[in-house]
Amino acid sequence: MASHALRSRGERPCCSGSDRRHGPRRGPTPAHAPRDPPRRRARPRPLEPLLSHPLAPLMQRRRRPGPPLATREGRTARVESMQTYQMVGSRGEVVRVSVEETRAWREITVRVCLGEDDWDADKGVSLRWWTLRGSGGEVEVGEHMAEASESTKLAGNALVTPLVPSEDGSHVATVAVPLGDHPFSRFGFNPTYVHGGRPVLSRPEDHASFGVPLGFFPGTPYPLGVHRDGDWANFTVLSRACAPPRLRLFATASEAGDGVGGSVGSPDLELELDPTLNRTGDVWHCSLAVPAGVNAYAITLPSAGSAAEMGYAVEGEIVPDPFGDDVARARVAEEGRLCTVSLLPARGGGGEDDGDFEEGWQEDGPLRHSLSKAVVLEMDLRRGEGEIEGERGGEVDQEGVFEAVRVAAEEVEDSGVTALAVRGLLSEETLTSAAAAGPGAGLGSLELKRLVMALHRMDLELLVQLDCLKIQEVLRASHLNEGLACQCLREACRFLVSEYHLDGIIFLHAEKLAHGDGGMVLDRPPLVEDLCSDPALAATKLVAVPFGDHLLPRGGVRGFPHWGRWAECNGRFVSDMRDLYSGEEETGCADLAKVSMRLAGSADLFQGWENGSFHLHAERPPYHGLNAASAVGGLPLSQELLEEGWALEERESIRWALITSVFVSQGVPMVRLVDLSSESWAEDLALISKLSSFRECYFDLIQKSSFNDLKDTRWHGVDAAEEPAWGPPAPVVSSGLPFEPAPVAEPGVAGADGRGRFIGMSLWSSSGMDAVYAGFNGNDADVNVTLPPPQIGHKWFVLLDSGRMELSLTNEHARAGVEYLVKAKSSILLVMQRPKNSE
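Right, let's walk through the structure included here. (Residues numbered from 1 in each chain as written. Predicted model: local features only at pLDDT ≥ 70, side-chain atom pairs only at ≥ 80, totals over all residues. Heavy atoms only, no water.)

Focus: the pairing of strand β17 (residues 232-238)
(1) Moving on: For β17, a buried count of six out of seven residues is recorded, marking the element as mostly surrounded by other parts of the structure.
(2) Moving on: As paired strands, strand β16 (residues 226-229) and β17 are joined by four bridges and run antiparallel to one another. Residue pairing for β17: R228 is matched across the bridge by A233.
(3) Moving on: The pairing of β17 with strand β21 (residues 283-289) spans seven bridges and is classified as antiparallel. Note on β21: the bridge partner recorded for T236 is H285. (Buried < 20%, exposed > 50% of the residue type's maximum accessible area, 1.4 Å probe, protein only. Helix = DSSP H or I, 4+ residues; strand = E, 2+ residues; numbered from the N terminus. Pairing = 2+ DSSP bridges.)

Section: the pattern of salt bridges
(1) Moving on: Enumeration according to the criterion identifies 29 salt bridges in this entry.
(2) Moving on: Notably, a salt bridge pairs D549 with R572, separated by 3.5 Å at the nearest N-O pair. Highlighted residues: D549 in the loop between β32 (541-545) and β33 (567-569) and R572 in helix α9 (residues 571-582), separated in sequence by 23 residues.
(3) Moving on: What makes D549 partly exposed here is its relative accessible area of 32%. (Salt bridge = Lys/Arg side-chain N within 4 Å of Asp/Glu carboxyl O.)

A word on the sheet that holds strand β43 (residues 826-833)
(1) Moving on: Strand order across the open sheet formed by six strands is β36-β37-β38-β43-β40-β41, with antiparallel pairing between neighbours. Two strands lie at the open edges of the sheet, namely β36 (712-716) and β41 (814-816), each paired on one side alone. Direction aside, neighbouring strands of the sheet carry axes that sit 30° apart on average.
(2) Moving on: Inspection of the sheet shows β36 paired to strand β37 (residues 758-764) by five bridges, in the antiparallel sense. Across the sheet, residue D712 finds its bridge partner in β37, namely W764.
(3) Moving on: Packing against the sheet, α9 makes contact with β38 (771-777) and β43, and its axis sits at approximately 60° to β38. (Axes fitted to C-alpha atoms, helices over the stretch in contact; angles between N-to-C directions. Contact = heavy atoms within 4.5 Å.)

Written as structure tokens, this is what we have:
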């Protein structure tokens, strides 16, 4: 496909004022000459690749209003649009067709140029023509059509009009076609003449007849989606099928009592695109004057073709535009079910924005906070049939999709959270459309912009989540590294960042970004490299969430291919920390070496390796790993613990122990909203605020800028003077002497005193005057821990103890002595401070 067919919307400069809403993607309308893409070498203009085809349009132009048009009956009307085509017949005939349209009639002028030896001059030339109405292509001829054009007669299933010789040697005929009830149709014709005494039916080489569209025009293949200027709109549709897709235009009307969507009202129009005039590569495009009352559109995919051969069930499927701005749920009468359709942009292209919003939106932009100091709250607002998941695990009305995020943001504004990672703000049936805001709200795209601006005023970043499985389904591609899919996804990311001022994009099922033909894992996936090197996304946070390391290059040993640019959700942190608390108890020991690796920043994933490929072995800072207590996209942590059979008290202790580990480890803390309890929302939010304040206060002790940054990190066992039990249980060896008692394994190594499932970590400042201590007890019993000695004049104070939540919820910090009893399946977080004088 030609490179100009998919011009990036992010490459277009943003407009100011009311045009900014559609700035990055609203190119020149079909009413004007299209702009050329940036040229580095001579190449055809966007409308010129089709000129080599025998049915290619010669040029496209429309003028509104035009000169008066006089018809046979003396009717006078003003020309609304005009289109000119040039075609070549199988015998070298040159056919030029001009279509001039008024509000009630279409005047079609056909000019045929024949060679001197190609026909018998004394026999004359005539035009055999007809019209095809509707998407089914029903032939329409009649006496009323014959009466509307001069010297026209009805001959079977066609009309015949003589072609009159002109001064330039060509033959010309002008016919008039009434608009009728359906504004979209096709004009088919065959010039007929006599050559060598035999009648000849002129036609193109690969078609039975010539044809031009009536009511719609070829349009431009860029930008993707729909852009509108007044009454005119340009549509583009992605389809690899040989059979042309159908564009359906209709009006949506709200149904009383239906909170999900509306119903399709009148008008309900459908037009089939021409595979010759309306196609450039895999992009189908057309421009038309939007009929009165139409405010929505959808695409009907063909029932057969390459898409069906690839295994996709697309028979009669009505889908929204992947690159549309807004979507809505509408009940289509023929299918009798709710379908997602795309909404047309406002007539003036500016929407319903008020002046204050426009002024604020022009001043708004991505916050570009450092990822190292981020605290992310993950939310999932995916909707079901008429309902979506609420901000606290409940259900909210469809109109509250954006309001749910706004309310949650107001509640966590002062809790230390710096970013929201939200899934559900974008329609997963498209690539760039905002979710429907419901019948009682405005357009989803406008509501999303208002939400982004409100979050930025709260100093909160917004990271949207995209599901790569859904993206692959929308694009109907065998894999996302196909040329078309790769370019479409890159353009979609550019548009989302430039149009909605997003601060980052999180890719769920990111392993799909690294797959090629037949599911082959690509070592250097081109799509991933293109996204991380795209200048339009240079300041955007790109986060990969792979579901399975075995689906990544080289078995996922080095994680997601990153080129030193991509951040990644650390799935190893989730699994290794969970194994400490809920792993197999038969051995009595956990792999404490892995636990320490996760708390120290997962150097096996992010530290640079020598003599390796840059895309996998380049060093990433520790804060490129996002740590969570449970897997993103998985079950809530409390539900997982419930399925494992833990009692309520143990579930709460383990839950807060894992959340604590997220805040004391190197990396970016990510708290899933489903991991917080709706019954004790205020208490949970208070604890999150306490942990966020702790991390901000001791940020220099916890977070490294790189793995070469030296920090005083000390590891402790049950006795602070000893290191944890790093290795597996020591084997029991006997000398075999008679009456010699069998030797006993070293106490604690096999878990006799809890050493095998306890690890402590202390972080010290260079002066030694500031320190924090975190201990994690995965044993089934309490463990009496000896704390490291504090500096002279300082004491250890308890900040959070997951086994004693009543102590953690107080503002007063309890003092810890030389020893501290750590409850079973819990964690403790202590800070070293100088006691007050009263103490």
